[in-house]
Structures are given as structure tokens and as C-alpha cells.
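If you want the building blocks of each chain, they are given just below.
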Amino acid sequence: MKKILMVSSEAEPFAKVGGLGEAVSSLSAELFRQGYDIRIILPRYYSVDIAREKLKKHPFPLGVPIGAREEWTGVYEGRLPGCAVPVYFLEHEGYYGRDGIYGPRGGEGFADNVARFALLCRGAFQLCRMLGWIPDIIHSHDWPAALCNVYLKTIENRTEFSRTASVLTLHNAGYQGVYHKDAMNAIGLAWDHFYSSGFEFYNGINLLQAGIKNADMLTTVSPGYAREILTPEKGNGMDGLLRERGGYFTGILNGIDYSRWNPESDPLLPFHFSEKALDGKEKLKTRLKAEISLPAGQDIPLIGMIGRIVEQKGYGVLLSYSRGDLAAICRELGVQIVILGTGNAAYEQELARLAWKLPNLKVILQFNTQLAHLIEAGCDFFLMPSLFEPCGLNQLYSLRYGAIPIVSNTGGLADTVEDYNEQTGAGTGIVIDTITPENIYNAVKRAAALYRNDKAALRSLREQGMGKRFSWNQSAGKYLEAYEKALAARRGKTAGAL
Ligand code: ADP
């Protein structure tokens, strides 16, 4: 049997801040369906409390050695909903017993994040020992789990994990886990590892960098983003090291779970629709407008935005007080805009202030999955002017739900949305080459013109998008290839070891 352990700070539905949590759970479910023995380990944050009664508590605590100290954790076990993938939760009141996954809402990360995630990563090895289950692959995700790749090559190099290989996936290379070098103590490795294991970063430590240096194989979440982060302009300082590891680095597009995101059966929607029967979408638009207090009865293009309200998603540009910014779009283009999200406190305040002044702008500062589904289903267009986008999920939901995506020409957005060609009618959305206020303004203007002047073209553009599929099935196969390559590298054999 092929055993794979996923180590992650997020896995939906237990803990999700963004696309990472969704990708880890969907990939795991798909690999499970394909017959792999796959398990997930997560911290037991307070947010997991909702499901706590349904979790099985293991009778013995788990001792986790970290440097000269030992931490004791409780172990809970649950299952991914809808399939039998085991999910293990490490309980530690001091480190995980608080609100927030990385930090308090709208604030900086917790001061003890290195210790919190070092416990997760060391705990992953200890848990496997306790279970008597030694995985072929440890698949770690982003900087919080990157210490697994380091521990495997250091303290666990010659233990029962000597034949285990590690894969690190970069869901967003913009977040790296950079800390003061005193945090080496919390990692529990001797000081010489500061240099030899790749932590050293401008006299501080960088967890992602150390993970990149030690992983047997590296992946990121789209081919486009993989190309971008190999360049000095977009590599966030990791490009040099990634180029060095070039033969062991690849981009694999995230999929989405089309059984959950299906406009024909979505249980979170009061009405349903399909490419061929779009009346349900009209009704959903009316329902959405009523729910967010937009006036009924006008035929105006409705544009949605969902996601973290942060610089990366284009909010710095939209709120730039310059020609073509969000205020100008709302005042001049005759569109309605609904924004659902949480994030940077200053942007949230500015959006709330604008929404108070502009009757056609609605801002909902919540994390609300049901409303997210209704927005995707009820909107005519979906705006995603990200400065960079490793993969992006919302544009994929938008395609499926007929909210024509207006996206920037970057990373996973460029890989999944094809610009509408007015001559041939080909395409699935509107692509903005460079993100500036004016370019976003012009793209929205183009969308609004299409909506007003050419309903037939609008309909065929929508249908083309709705017909696209980005499923996990195909991507899971590419992950399996990456696992094979990692194993071959670790075990010094040619492919075929799995
Ligand atoms: P990222 O991972 O960079 O945050 P993605 O587009 O890849 O962005 O994934 C974000 C995921 O989180 C999507 O599934 C999106 O619908 C969901 N999401 C983000 N913010 C909210 C919110 N405020 N309410 C509901 N869902 C949200």
C-alpha cells in the first residue's frame, strides 16, 4: 500500500483561511478514491471545537521532543466528511488553545508561531511512530509545515523514516515564515543547522527557504506561477534557490470539487441552473440583490468579489484614490459591486466607508460560505485583479457558476481564464494585462458594454466558461508522479518505487 501523510496548518472543513485548506482536503480525498492510504495531521485549533464531539480521543498523550524539552499533546482523530480519510489533530492548550489559526483576526501572526508549527512538524513524526504507520511520502504544505522537510533530513534521516521521502507544496511563496534567529531554539535543532539546513535569511530564519532546500521534491499550484517564481521579480527571494532545485520543481494546477460546486445541485442555493437553462441564475441574482439590499428590478451588471481583503488581491490598487479606482468604477460605469471578505483592517475600513457613500457598492466583512455560493451564482461577472495568484479558486467557481471572470494576467489566473476574443467569440473571461486602476476600470467597462450591448455574445462567453472543468482527478495523477520522483531521489532509485 502506498502511504502518504499530509502535514498542513489548514484542511477544510476543520480549519480554512484560503485555498490551502481546500486544496489539502480535496487532493487527499481524490488520492483516497484512487486507493492510496492517505492521512492528514493538523493542530487542534479552537475552531475545530465545532466537530470535537465527533472526534475520537486517543487514550494516551503523545510526547514530542523538541530540542532539550518535551511537549505533551493529546491526539484526536476524525474523518474528512464524505470519505474515510483519517485526520489527526494534535491538542496542546498552550499553543493551539486560542482563536485564530495564524494570528488574531486582522492582526499580525502569533509571536510563538515557530514553536506552534515546530510542534506540528515534530509531532507528525511522533504520531506515525505511535500509530506504527511509517509513510512513504510526507507531503508538507507551505511554511508552517516546511520544518517536516528539514527534520526528515536531519534528526529523522537515519530512523525508521530513512526510506520516507518528502514533498513540499508552495501554495503561496509570498508567505515564508521569517523570524528572528533566536527562534532556532523553538525549532530544536542545533545552531549549526542555522547555516547548514538553509534557515539563514538576512540574519534571521526563513522556514520556507529551509523547506525548499531540504524537500526531495517541490511543487506549486499552477504552471504559470511556477514559471513566475523562478524569476527575481516575482520569486520573493526564493527564485535563486528554486532555480538551483529546478529539476525537482513543478507546477500542478489545483482542481475544484465539482460535486460541491455544481450549480445544478448546490444545496447552498435556493434555485439551480445550468448552461442550457439559465433562468435559475436570473432568480438567484434577484435573491442575492434582495439579500444585500440592492434595489430590485433594474437590469444592471452585477459584479462580485470574494476573498481575503489584502494587497495581493488588488485592494491597494482598487483603493488608490487615483483615476479609475473602485470609487470611479462605481460612480461612472453603471455597475453594481458586491464584496465579501475579511483581511487588512485599513482596507476593510476604507471599503466600509466607500460602501456608505456609494449605493451601488455593497461590502460584507464576513467569512460566509453560503453567501459566497450565492454571490458566485447570482453575479454576472467576478472581479479578481490579483497582483499575483498562485492558483486561485474563485475564478474556477466563477467559471462554473457563469459569473464571467475578470482577472489579471498572472499565475493560475492566466492558466485558467482565456481572454474573450470579440472577432472569433473564443474565450472564457476578460483578462487584464497589467494591474493598474485604469486597466481594471477599462476591463469593467468592457464587461459592462458586453452586458448592455450584446446579450448573445455574453451568453456564449458564459456558456464557454461553464463548460470548462479543472478537476482533481488529473492533478492527483501529477502529484503521484511528483511523489515517485521524490521517492526515487530519496531512495536513490529510478522511478517506479511507489
Ligand atoms: P487564497 O487562497 O489566496 O485566499 P483562493 O481564491 O485560492 O484565494 O481561495 C480562497 C477560498 O476561500 C475560496 O474558496 C473562497 O471562496 C474562500 N473565501 C475567502 N474569503 C471568504 C469569505 N469571506 N467568505 C467565504 N469564503 C471565502
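The structure presented is a predicted model; accordingly, all values stated were derived computationally and were not measured.

1. Digging into empty space enclosed by the protein
Item 1. Throughout the structure, instances matching the rule amount to two cavities of 30 Å³ or more.
Item 2. Computed from the structure, the largest cavity encloses a volume of approximately 80 Å³.
Item 3. As for the largest cavity, its lining consists of Met305, Ile306, Gly307, Arg308, Lys313, Tyr315, Phe382, Leu383, Met384, Pro385 and Ser386.
Item 4. Breaking the lining of the largest cavity down by element, the ones donating at least two residues are strand E14 (302-306) and strand E17 (381-384).
Item 5. Looking at which element gives the most residues to the lining of the largest cavity, the answer is E17, with three residues.

2. A short note on the domain arrangement of the protein
Item 1. The domain boundaries assigned to the protein delineate domain 1 (3-255 + 472-491) and domain 2 (279-466).
Item 2. Using C-alpha coordinates to define each centre, domain 1 is positioned 33 Å away from domain 2.
Item 3. Every contact between the two is made by 20 residues of domain 1 and, on the other side, 20 residues of domain 2.
Item 4. Buried surface at the junction of domain 1 and domain 2, both sides included, amounts to about 1400 Å², of which 53% is carbon and sulfur.
Item 5. Counting the contacts that link domain 1 with domain 2 gives one salt bridge.
Item 6. Across the pair Asp415 and Arg227 runs a salt bridge, and its minimum N-O distance is 4.0 Å.
Item 7. At the surface where domain 1 touches domain 2, the tally comes to eight residue pairs in polar contact (both at pLDDT 80 or more).
Item 8. For the side of domain 1 that touches domain 2, the elements supplying multiple residues, two or more each, are helix H1 (19-33) and helix H9 (223-228).

3. With respect to unusual backbone geometry
Item 1. Note that the residue after Glu12, namely Pro13, is joined by a cis bond; omega there is 5°.
Item 2. Relative to the helices and strands, Pro13 resides in the loop between strand E1 (3-7) and H1.
Item 3. Although it is not a glycine, Tyr202 sits at a positive phi angle of roughly 45°.
Item 4. By the element assignment, Tyr202 lies in the loop between strand E10 (200-201) and strand E11 (204-206).
Item 5. Of note in this structure, Tyr321 is not a glycine but carries a positive phi near 55°.
Item 6. Looking at the element boundaries, Tyr321 is found in the loop between helix H12 (315-318) and helix H13 (326-332).

4. Here's the deal with the side chain of Ser28
Item 1. The residue Ser28 is located in helix H1 in this model.
Item 2. Residue classification places Ser28 among the buried positions, given a relative accessible area of 0%.
Item 3. Beyond its immediate chain neighbours, meaning those up to four positions away, Ser28 contacts Met6, Ile38, Ile40, Leu80 and Val85.

5. Some words on the sheet that holds E10
Item 1. Pairing within the open sheet is antiparallel, and its three strands lie in the order E9-E11-E10. Two strands lie at the open edges of the sheet, namely strand E9 (178-180) and E10, each paired on one side alone.
Item 2. Alignment of E10 against E11, held across two bridges, turns out to be antiparallel. Across the sheet, residue Phe201 finds its bridge partner in E11, namely Gly204.
Item 3. Of the strands in this sheet, E9, E10 and E11 touch helix H8 (residues 207-214), which is tilted by about 55° from E11.

6. So, helix H20 (residues 472-491)
Item 1. For H20, with 20 residues, the first-to-last C-alpha span of 28 Å sits near the 28 Å given by 1.5 Å per residue.
Item 2. Regarding H20, the residues found buried are Trp472, Ser475, Ala476, Tyr479, Leu480, Ala482, Tyr483, Ala486, Leu487, Ala488, Arg490 and Arg491.
Item 3. Buried positions along H20 lie against E1, H1, strand E7 (137-141), helix H5 (147-153), strand E8 (165-170) and strand E12 (217-220).

7. Let's talk about the layout of surface pockets
Item 1. Within this model, the second largest pocket holds a volume of roughly 320 Å³.
Item 2. Contributing to the lining of the second largest pocket are 19 residues, with Ser25, Ser26, Ala29, Asp257 and Arg260 lying nearest its centre.
Item 3. Considering only residue class, the lining of the second largest pocket consists of eight nonpolar, six polar and five charged.

8. Structural notes on the sheet that holds E14
Item 1. The strand order across the open sheet formed by six strands is E16-E15-E14-E17-E18-E19, and the pairing between neighbours is parallel. Looking at which strands have only one partner, the edges of the open sheet turn out to be strand E16 (361-364) and strand E19 (430-432). Direction aside, neighbouring strands of the sheet carry axes that sit 20° apart on average.
Item 2. As defined by bridge partners, E17 adjoins strand E18 (residues 404-408) across four bridges and the pair is classed as parallel. Bridge pairing links Phe382 to Pro405 in E18.
Item 3. Running over the sheet, helix H14 (residues 345-357) touches strand E15 (336-340) and E16 and is turned about 140° from E16.
Item 4. Strands in contact with helix H18 (residues 437-453) are E14, E17, E18 and E19; relative to E19, the strand with the most contacts, it is inclined by about 165°.

9. Concerning the site of the ligand
Item 1. In the vicinity of the ligand, 20 residues are found, and the nearest of them are Gly19, Glu22, Arg308, Lys313 and Gln366.
Item 2. A distance of 2.5 Å separates an oxygen atom of the ligand from a polar atom in the backbone of Gly19.
Item 3. Considering the ligand on its own, with 560 Å² of exposed area, one finds that the protein chains cover 94% of that surface.
Item 4. Taken together, the residues of the shell around the ligand break down into seven nonpolar, eight polar and five charged.
Item 5. Looking at which domains feed residues into the shell around the ligand, each of domain 1 (3-255 + 472-491) and domain 2 (279-466) gives three or more.

Cut-offs applied
Residues numbered from 1 in each chain as written. Predicted model: local features only at pLDDT ≥ 70, side-chain atom pairs only at ≥ 80, totals over all residues. Heavy atoms only, no water. 1 Å grid on protein atoms, 1.4 Å probe; cavity = no way out; pocket = protein on both sides within 12 Å on 5 of 7 lines; lining within 4 Å. Points joined across faces, edges and corners; volume = space filled by probe spheres on them. Helix = DSSP H or I, 4+ residues; strand = E, 2+ residues; numbered from the N terminus. Domains from an automatic or database assignment. Contact = heavy atoms within 4.5 Å. Buried area = accessible area lost by both parts, 1.4 Å probe. Salt bridge = Lys/Arg side-chain N within 4 Å of Asp/Glu carboxyl O. Polar contact = N/O pair within 3.5 Å; in protein donor to acceptor, adjacent residues only side chain to side chain. Buried < 20%, exposed > 50% of the residue type's maximum accessible area, 1.4 Å probe, protein only. Pairing = 2+ DSSP bridges. Axes fitted to C-alpha atoms, helices over the stretch in contact; angles between N-to-C directions. Expected span 1.5 Å × (residues − 1). Nonpolar A, V, L, I, M, F, W, Y, C, P; charged D, E, K, R; others polar. Near = heavy atom within 4 Å. Areas by Shrake-Rupley, 256 points an atom, 1.4 Å probe, with all protein chains shown as cover.

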